[in-house]
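Observations on chain architecture
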Amino acid sequence: MAERARRPRRPREEREARPARARKPPRPKAPSRRSEGTGGAFGMTGTRRAALFAMVLCALALSIAVPLRTYLSQRDELRDVGAEQQKLRETVAALEKRKSELQDPAYVEIEARKRLHWVRPGETPYIVQLPGDEGRNTETERPSGKQAAEGSWYEELWESVTHK
């Protein structure tokens, strides 16, 4: 077939004018898969097509797996960071509220009285014991009977260090 494509075709009269002995006998056709109908697309058998399809499918799966795994891990990390950021925003809001409360001198006085059991000069300190408080040790919670020092705490500390 390839030879025919290379040679120019002769006119029909010349071909028929050749003597019979000069003509070549027709070749018997070799059995081909294409003529039998089992070759399918691109002359491939079903097994070969299935193998090729499996290879293409594996190549696609491998080329998609790494970016998909990266996408999923980054999405999870982004969700975690967003939750952490929300917690930090709530913490900042609570600290801002606490800061504004501590700017109020009345609130600071209330906290000092409640936590440190401070009293103003001339006031009598007392602790109310409720019926459920039998197990509490009130001696450790009771404020000392001493008057508050005139200086601040750091002056007292300095005095105790220098006047051993």
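Only a predicted model underlies this, so the values are computations on that prediction, with no experimental measurement involved.

A few words now on the overall build of the chain. A tally of helices and strands in the chain yields seven helices and zero strands. Shown N-terminal to C-terminal, the secondary structure of the chain runs as helices and strands in the order α-α-α-α-α-α-α. Counting all 164 residues of the chain, 4% fall into the buried class. Accessible area of the chain: about 16200 Å², with a carbon and sulfur share of 58%.

What follows covers a nonpolar patch on the surface. Among the surface-exposed residues, Leu52, Met55, Val56, Leu60, Ile64, Leu68, Tyr71 and Leu72 lie close enough to one another that they form a single nonpolar patch of about 760 Å² accessible area. Here Leu52 shows up in helix α4 (residues 46–102). The class of Leu52 is partly exposed, set by a relative accessible area of 41%.

Overall, the coordinates contain one aromatic pair when judged by the stated rule. Measuring from ring centre to ring centre gives 5.7 Å for Trp153 and Tyr154, while their planes differ by 85°; the resulting arrangement is edge-to-face. Trp153 gets classed as exposed once you look at its relative accessible area, which sits at 65%.

It is worth spelling out the pattern of salt bridges at this point. By the definition in use, this model includes six salt bridges. Between Arg79 and Asp76 there is a salt bridge, with the nearest N and O atoms lying 3.4 Å from each other. Of this pair, Arg79 and Asp76 both sit in helix α4, three residues apart, roughly one helical turn. Put simply, Glu111 and Lys114 hold a salt bridge, and the shortest N to O gap is 3.8 Å. Linking Glu111 with Lys114, this pair stays in helix α5 (residues 105–116), spanning three residues, or about one helical turn.

Per-residue confidence for the chain averages 79 on the pLDDT scale, and 68% of its residues sit at or above 70. Here helix α3 (residues 33–36) is the element of the chain with the lowest mean pLDDT, 52, and α4 is the one with the highest, 93.

Reading the values: the criteria
Residues numbered from 1 in each chain as written. Predicted model: local features only at pLDDT ≥ 70, side-chain atom pairs only at ≥ 80, totals over all residues. Heavy atoms only, no water. Helix = DSSP H or I, 4+ residues; strand = E, 2+ residues; numbered from the N terminus. Buried < 20%, exposed > 50% of the residue type's maximum accessible area, 1.4 Å probe, protein only. Areas by Shrake-Rupley, 256 points an atom, 1.4 Å probe, with all protein chains shown as cover. Patch = residues over 30% accessible without salt bridge, like charges linked within 9 Å, V, L, I, M, F, W, Y side chains within 5 Å. Salt bridge = Lys/Arg side-chain N within 4 Å of Asp/Glu carboxyl O. Phe/Tyr/Trp six-rings, centres within 6.5 Å; stacked < 30°, edge-to-face > 60°. pLDDT = per-residue confidence, 0-100.

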